[in-house]
Amino acid sequence: MIVGYLMDEMTFDAFYRASKDDCFRALVVAIGDRAEAEDLTAEAFARALERWPQVRSHPRPEAWLMTVAMNLHRDRWRRARRSVGSLLRRNVDPPPLPIDARLLAAIRGLADQQRRVLALRVVLDLDTVRTAEVLGIAPGTVTAHLHRALSVLRDVLTKEELS
Amino acid sequence: MIDEFSDVITEVRKSFDAIHYDRPAPRRRSPVRRLGWALALVAGTMLAVNAWGVGDGVAWAAVARPLTAAEQDLLDTECLREVKDSPEPLTSLPDLVASEDRGYLTSATYASGDWFFTCIVQSPVRYEDSLPFVAMQWSNIDELPEGEEPLKFATLGQSPDPVDGPDFIDPTTFITGTVGSGVQRVTITVPDLGEVEATVANGWFTAWWPSRHPFQVHAIGPNGEPIATFDVP
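Procedures and definitions
Residues numbered from 1 in each chain as written. Chains lettered and ligands numbered in written order. Predicted model: local features only at pLDDT ≥ 70, side-chain atom pairs only at ≥ 80, totals over all residues. Helix = DSSP H or I, 4+ residues; strand = E, 2+ residues; numbered from the N terminus. Buried ≥ 20, exposed ≤ 12 C-beta atoms within 10 Å, placed from the backbone. Contact = placed C-beta atoms within 7 Å. Axes fitted to C-alpha atoms, helices over the stretch in contact; angles between N-to-C directions. Parallel < 35°, antiparallel > 145°, perpendicular 65-115°, else oblique. Left-handed = near helix turned anticlockwise from the far one by under 90°. Nonpolar A, V, L, I, M, F, W, Y, C, P; charged D, E, K, R; others polar. Pairing = 2+ DSSP bridges. pLDDT = per-residue confidence, 0-100. Expected span 1.5 Å × (residues − 1). Core = buried A, V, L, I, M, F, W, Y, C linked by C-beta atoms within 7 Å.

### Describing the overall build of chain B
Helices and strands together make up the secondary structure of chain B, namely four helices and twelve strands. Counting across all 233 residues of chain B, residues that qualify as buried make up 33%.

### What about the overall build of chain A?
In terms of regular secondary structure, chain A is built from eight helices and zero strands. Within chain A, the fraction of its 163 residues that count as buried is 34%. Counting contacts in chain A only where the partners sit at least 6 residues apart, residues at least 24 apart contribute 66% of the total.

### Brief notes about the packing of helix α6 (residues 112-123) of chain A against helix α7 (residues 128-135) of chain A
Residues and elements named next belong to chain A. At a closest axis distance of 9 Å, the pairing of α6 and α7 adopts a crossing angle of 135°. As far as their axial angle goes, α7 and α6 are oblique. Helix-helix and strand crossings are classified by hand; for α6 and α7 the assignment is right-handed. Contacts between α6 and α7 involve Arg116, Val117, Leu120 and Arg121 on the former and, on the latter, Thr128, Thr131, Val134 and Leu135. Classifying every residue of the contact of α6 with α7 gives four nonpolar, two polar and two charged.

### Re the pairing of strand β8 (residues 194-197) of chain B
Here strand β7 (residues 185-190) of chain B pairs with β8(B) via four bridges, running antiparallel. Bridging across to β8(B), Thr187(B) finds its partner in Glu197(B).

### As for the confidence of the model for chain B
Residue and element names in this part refer to chain B. Mean pLDDT over chain B stands at 72; residues scoring 70 or higher make up 62%. Low pLDDT, under 50, characterises residues 29-57; the predicted model gives this stretch 51 contacts beyond four residues in sequence or across chains. For residues 125-133, every residue scores under 50 in pLDDT, and the model assigns this stretch 21 contacts once sequence neighbours within four places are set aside.

### A closer look at helix α2 (residues 34-50) of chain A
Between its first and last C-alpha atoms α2(A) spans 24 Å; for 17 residues at 1.5 Å apiece the expected length is 24 Å, and the two agree. Within α2(A), burial applies to Ala37(A), Leu40(A), Thr41(A), Ala44(A), Phe45(A), Ala48(A) and Leu49(A).

### Re the confidence of the model for chain A
Residues and elements named next belong to chain A. Across chain A, the average pLDDT comes to 79, with 79% of residues at 70 or higher. Mean pLDDT across the elements of chain A ranges from a minimum in helix α4 (residues 61-82), with 72, to a maximum in α6, with 94. Long-range and interchain partners of residues 1-7, a stretch whose pLDDT sits below 50, account for nine contacts in this model, where long-range means more than four residues apart. Between residues 78-93, whose pLDDT stays under 50, and residues either more than four places distant or in other chains, the model counts two contacts.

### Regarding the nonpolar core
Counting residues in hydrophobic clusters, the biggest one holds 46 residues, and the most contacted among them are Ala26(A), Leu27(A), Met66(A), Leu118(A) and Ala119(A). Ranked by residue count, the leading element in this core is helix α1 (residues 2-31) of chain A, at nine residues. Not counting residues within four places of it along the chain, the set of residues in contact with Ala119(A) comprises Ala26(A), Leu27(A), Val29(A), Ala30(A) and Leu124(A). Counting 36 residues, the second largest nonpolar core, distinct from the first, contains Ala108(B), Ile120(B), Trp204(B) and Phe215(B).

### Examining the sheet that holds strand β12 (residues 226-232) of chain B
All names here are of chain B. Taken together, four strands build an open sheet; the order of strands is β8-β7-β11-β12 and the sheet is antiparallel. Strands with a single pairing partner mark the edges of an open sheet, and in this sheet they are β8 and β12. Between one strand and the next, the sheet's axes are offset by a mean angle of 25°, whatever the strand orientation.

### Comments concerning unusual backbone geometry
With phi around 60°, Asp125(A) is a residue other than glycine that occupies positive phi space. Among the secondary structure elements, Asp125(A) is positioned in the loop between α6 and α7. One non-glycine residue, Asn202(B), lies in the positive phi region at around 55°. Within the secondary structure, Asn202(B) sits in the loop between β9 (199-201) and β10 (204-209). What makes Asn202(B) partly exposed here is the crowd of 13 C-beta atoms within 10 Å.

Printed below as a string of structure tokens:
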């Protein structure tokens with residue numbers, strides 16, 4: 001049992017080191033809020049550690065992590081709506097993201113589902129079928145959302161180049 | 001020149017490469033803390049019925065007493081009522097695998113297929129018609145810590161830090177888990193209590209004791225030989 005426990009810790013640490021940045025980036029894109037993405041990343045990895053024997057057998061553990069994180073985000077949002085008066089306010093704004101402001105604004109301006117598809121397909125490099133599974137939508141819908149999102153970003157990046 | 005979607009993808013990835021996640025890696029939550037909520041539930045019930053503690057005449061025992069059939073029926077009824085009210089309601093309980101009465105708390109663990117359910121109530125010896133419910137926990141068996149037998153901990157709960165005043169809860173630790181086929185007995189060494197004999201039945205073990213100190217769990221073979229010892233900080 002002890003040996004198995006230590007092996008779990010080692011393989012989880014390797015997974016954590018290899019995927020923490022990409023998962024955080026994907027959540028920044030999917031949610032658009034750095035502080036929230038940080039919190040969700042921390043909680044999702046903590047849950048992955050608790051369920052590591054199950055998570056490590058997943059064909060794409062990052063997909064499992066993103067599903068958990070986005071469910072947590074949805075639940076938090078629901079709770080926040082129910083108790084607006086008790087929302088905690090952050091005293092310190094997190095530092096700005098080191099990304100071109102126009103690109104970030106364009107991503108934040110995308111529809112929610114377009115951002116999620118962009119996060120999973122582009123940032124996390126999941127394939128269309130896996131992305132569809134995580135989001136609970138049809139693969140064709142994933143392709144359509146991705147096409148629209150990339151069209152918007154292409155326009156922004158092209159204007160940026162011209163300017 | 002950004003004119004292909006592949007260029008957009010490359011540009012987005014390149015931009016986001018500058019973002020890094022800097023928080024420390026998570027550490028496995030202590031199983032004692034992780035399941036602490038199960039006994040944290042005790043607080044509310046205890047306050048409501050005001051019957052939690054050794055001061056009311058039912059002493060804790062290092063060796064548990066098996067339940068009578070009538071007591072087991074009462075316990076099953078109470079636990080089923082609670083699980084029906086849970087967020088994951090059931091119409092029937094899984095198979096009973098282990099139960100015991102040990103002083104002022106009585107517990108039962110039910111397991112079936114891939115999940116188990118542990119229910120803790122106040123001792124039936126003091127109640128004829130109903131058992132004040134204390135706490136419960138259910139989980140998937142495949143979420144038990146992976147590893148080889150002889151022991152796997154399923155539930156490991158402790159009362160919160162003692163607080164003086166009306167919210168005081170007696171220090172309590174509660175454990176359940178599965179045992180391997182070679183394990184005949186499970187004992188727990190608690191510094192301030194001595195040796196606690198867990199109830200072992202149907203491949204499961206269960207025990208509780210009035211202490212929050214670190215302890216050792218020993219798996220013992222059929223000839224009394226020690227098989228393994230686990231330190232729980």
